[in-house]
Amino acid sequence: MLIEHVPDPGEYERPHKRFRMIAWCLPPGSAARRARELFRDRLAKLPLDSDVLDELEIVVSELVTNATRYAPGPYELRLLHDHGLPVRAEVVDAGAGTTLIGHLLNRPLPVPERIDDLELGGRGLRIVAELTHGRCGTQWTRLCGTGRLGTAVWFDLPTQRHRP
């Protein structure tokens, strides 16, 4: 399910209507795959380096995987636009993990002492923080599809690295 405000022609030139949000409901069984497809499709049109787009796709996949693994649904992927350009992405679930997720995003990334340590979980949100250069966080929000209170984990999209 796609929830989108469709602008009328010339809407982005009017300052009072410059912000919009697109939200997709994600199917629990294939949420990460669907989120990657939607994200790449929307951002492929932007002048981002392909390596940056690849890293952001990893971020989306990690956030959606964590949401479906640790929080109740429904799940949403959101893109927030300003002046017609996507500026922030959010993965939203119906869970109450805002404080814990914020802590995990801000803790140092451990260096494994043994190769077996790499098999342990718990590094995903630190990887998200590294790949987004710390431009990420969490907040309470309402799911667009249900109106229920939930958790949004967000990251800002880069604005300076462009294709040559």
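My aim in this report is to walk through the structure given alongside it, one point at a time. Please read these numbers as outputs of a predicted model, since none were measured by experiment.

About the cut-offs
Residues numbered from 1 in each chain as written. Predicted model: local features only at pLDDT ≥ 70, side-chain atom pairs only at ≥ 80, totals over all residues. Heavy atoms only, no water. Core = buried A, V, L, I, M, F, W, Y, C linked by side-chain atoms within 4.5 Å. Buried < 20%, exposed > 50% of the residue type's maximum accessible area, 1.4 Å probe, protein only. Helix = DSSP H or I, 4+ residues; strand = E, 2+ residues; numbered from the N terminus. Contact = heavy atoms within 4.5 Å. Disulfide = S-S within 2.5 Å. Arc of directions from axis to C-beta. Pairing = 2+ DSSP bridges.

### Details of the nonpolar core
Moving on, step 1. Grouped together as the largest cluster of nonpolar side chains are 33 residues, with contacts concentrated most on Phe 39, Leu 43, Leu 77 and Phe 155.
Moving on, step 2. Ranked by the residues each element gives to this core, the list is headed by helix H2 (residues 50-70), at eight residues.
Moving on, step 3. If we ignore the near neighbours within four places in the chain, the residues touching Leu 43 are Leu 48, Leu 53, Leu 56, Leu 79, Pro 86 and Leu 157.

### With respect to the state of the cysteines
Moving on, step 1. One pass over the structure, following the stated rule, counts zero disulfides.
Moving on, step 2. Here Cys 25 is not disulfide-linked; the sulfur of Cys 144 is the nearest cysteine sulfur, at 7.9 Å.
Moving on, step 3. Residue class for Cys 144 comes out partly exposed when judged on its relative accessible area of 30%.

### Quick look at helix H3 (residues 98-106)
Moving on, step 1. All of the buried residues along H3 are Thr 98, Ile 101, Gly 102 and Leu 105. Buried residues of H3, seen end-on, are gathered within an arc of 100° and therefore sit on one face of the element. Turned more than 90 degrees away from the buried face of H3 sit Thr 99, Leu 100 and His 103, all of them exposed.
Moving on, step 2. Lining the buried residues of H3 we find helix H4 (124-131), strand E5 (136-142) and strand E6 (149-156).

### Brief notes about the pairing of E5
Moving on, step 1. Here E5 runs beside E6; their pairing, made up of seven bridges, is antiparallel. Looking across to E6, one finds that Gln 139 is bridged to Ala 152.
Moving on, step 2. Here E5 hands over to E6 after six residues, with Gly 147 in that stretch at a positive phi of 80°.

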